[in-house]
Amino acid sequence: MAKMYYEKDCDINYLDGKKITIIGYGSQGHAHAMNLKDSGCDVCVGLREGSKNWANAEKAGLAVKTVAEAAKWGDIVMILINDEVQADVYKKDIAPNLSAGNMLMFAHGFNIHFKQIVPPAGVDVSMIAPKGPGHTVRSQYVAGKGVPCLIAVEQNATGDAYKLALAYAAGIGGARGGVMETTFQDETETDLFGEQAVLCGGVVELMKLGFETLVEAGYAPENAYFECIHEMKLIIDLINKGGVAMMNYSISDTAEYGEYVSGPRILPYEETKKNMKAVLTDIQDGVFAGRWIAENKNGRTFFNAKRAQLAKHQMEIVGAELRKNMLWGDDTDPDTASN
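Please read these numbers as outputs of a predicted model, since none were measured by experiment.

Participant: I keep staring at the pairing of strand 8 (residues 149-155) and nothing clicks. Help me out?
Facilitator: Two faces belong to every sheet, and in a regular strand the side chains alternate between them. Where burial is concerned, most of strand 8 is hidden: 5 out of the 7 residues are buried. In terms of strand pairing, strand 7 (residues 124-130) meets strand 8 through 6 bridges, oriented antiparallel. In the sheet register, V125 faces strand 8, and the bridge partner there is Q155.

As structure tokens, then:
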């Protein structure tokens, strides 16, 4: 059983006197910086010169410096920029400004596990990975709650890495929801697998194929969108709250019976499991990481083509029109848009 930590186990006072640098001010960067600031921590945001987020961070009452200046200033440096740019930014602006005894932090283990970033021996290397998007990390904190987090320590140079990382989790509100111990390797591999095989890759392909099947059979695209895509959130909310059992309790017996007889026809057990194992093997062996690194070095031609193709899919076009005409169509907050 994985070890769990809660507020009673996470002493935020360990951050007293520590200067915390947040590299990046996107979804996660904004949430971490604001939550830590509101928790009374000494926070600075590191951004590239000319960043569009510079003024936004200052408007929020945060100190902002260049990445190099912020890295030199901080005792704790949390890197919250995209995986594919972290290594270059680290080598150029962060590594030259790290001092022995500093803590280098991540919210995902990709660059450490696949050795795109190799920190010096004298610094702590830890991870606090919220299990939710940044806007939820922020909104839950403001509501007095917290998004559960993962904690991992790759390098404990000072001997204080765990207590500092747990204090950081408390500072962003994660200790309210619970902090689960893991490793950089396990977090990286399970996170990539979940995204690819189920949460993003698997679910999107399933919704898209369901939509296409209904439309090709002559049903209205709007009906297909509601039945195969819009209701996905309603179902997932039930599972998130009480497991598959709560979903089955809440849906009709007809729907539950269909789940049992048709689900295995759509995703044949042996074939699907075999394909999932192949995806996991590519992740474990570094094949996926190598492809993604190469994709970014070669102009993202495949990535950009697939993104453009998806934008033109009828599912996306119909969905955009339907959402504009719903009561919450003007609500762009992902936390409240479907309430």
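Participant: Can you help me understand unusual backbone geometry in this one?
Facilitator: Negative phi values dominate among residues other than glycine, just as trans dominates among peptide bonds. The backbone phi angle of K115 is positive, close to 60 degrees, even though this residue is not glycine. One can find K115 in the loop between helix 5 (110-113) and strand 7. Assessed through its relative accessible area of 64%, K115 is described here as exposed. Although it is not a glycine, R300 adopts a positive phi angle of roughly 55 degrees.

Participant: Mind showing me how you'd approach the pattern of salt bridges here?
Facilitator: A full pass over the atoms with the stated rule returns 9 salt bridges. Ionic pairing is found between K163 and D160, a salt bridge with its closest N-O pair at 3.3 Å.

Participant: Please clarify how the packing of helix 10 (residues 201-216) against helix 16 (residues 314-324) should be interpreted in this entry.
Facilitator: Contact pair helix 10 / helix 16: the axes reach a minimum separation of 10 Å and the direction vectors enclose 85 degrees. Between helix 10 and helix 16, the crossing angle belongs to the class labelled roughly perpendicular. Residues M207, K208, F211 and V215 of helix 10 form the contact with helix 16, whose own contacting residues are Q314, M315 and V318. Residues that form the contact of helix 10 with helix 16 fall into these classes: 5 nonpolar, 1 polar and 1 charged.

Participant: Can you walk me through the environment of H135 in this structure?
Facilitator: Within the element layout of this structure, H135 appears in helix 6 (residues 134-142). A distance of 3.3 Å separates the side chain of H135 from the side chain of T136, its partner in a polar contact.

Participant: Looking at this structure, I do not really get the nonpolar core. What am I missing?
Facilitator: One recurring pattern in soluble globular proteins: nonpolar side chains tend to sit buried together. Within the largest apolar cluster, 36 residues are counted, with the highest numbers of intra-cluster contacts made by I22, L36, I128 and Y168. Among the elements of the structure, strand 2 (19-23), helix 1 (27-38), strand 3 (42-47), strand 5 (76-79), strand 6 (103-106), strand 8 and helix 7 (161-171) are those that each provide at least two residues to this core. The leading source of residues in this core is helix 7, at 8 residues. Leave out the neighbours within four places in its chain, and I128 touches H32, M78, M105, F106, A107, C149, L150, I151, A165, Y168, A169 and I172. Within the second largest apolar cluster, 20 residues are counted, among which are V67, A87, Y90 and L104.

Reading the values: rules and limits
- Residues numbered from 1 in each chain as written.
- Predicted model: local features only at pLDDT ≥ 70, side-chain atom pairs only at ≥ 80, totals over all residues.
- Heavy atoms only, no water.
- Buried < 20%, exposed > 50% of the residue type's maximum accessible area, 1.4 Å probe, protein only.
- Helix = DSSP H or I, 4+ residues; strand = E, 2+ residues; numbered from the N terminus.
- Pairing = 2+ DSSP bridges.
- Salt bridge = Lys/Arg side-chain N within 4 Å of Asp/Glu carboxyl O.
- Axes fitted to C-alpha atoms, helices over the stretch in contact; angles between N-to-C directions.
- Parallel < 35°, antiparallel > 145°, perpendicular 65-115°, else oblique.
- Contact = heavy atoms within 4.5 Å.
- Nonpolar A, V, L, I, M, F, W, Y, C, P; charged D, E, K, R; others polar.
- Polar contact = N/O pair within 3.5 Å; in protein donor to acceptor, adjacent residues only side chain to side chain.
- Core = buried A, V, L, I, M, F, W, Y, C linked by side-chain atoms within 4.5 Å.

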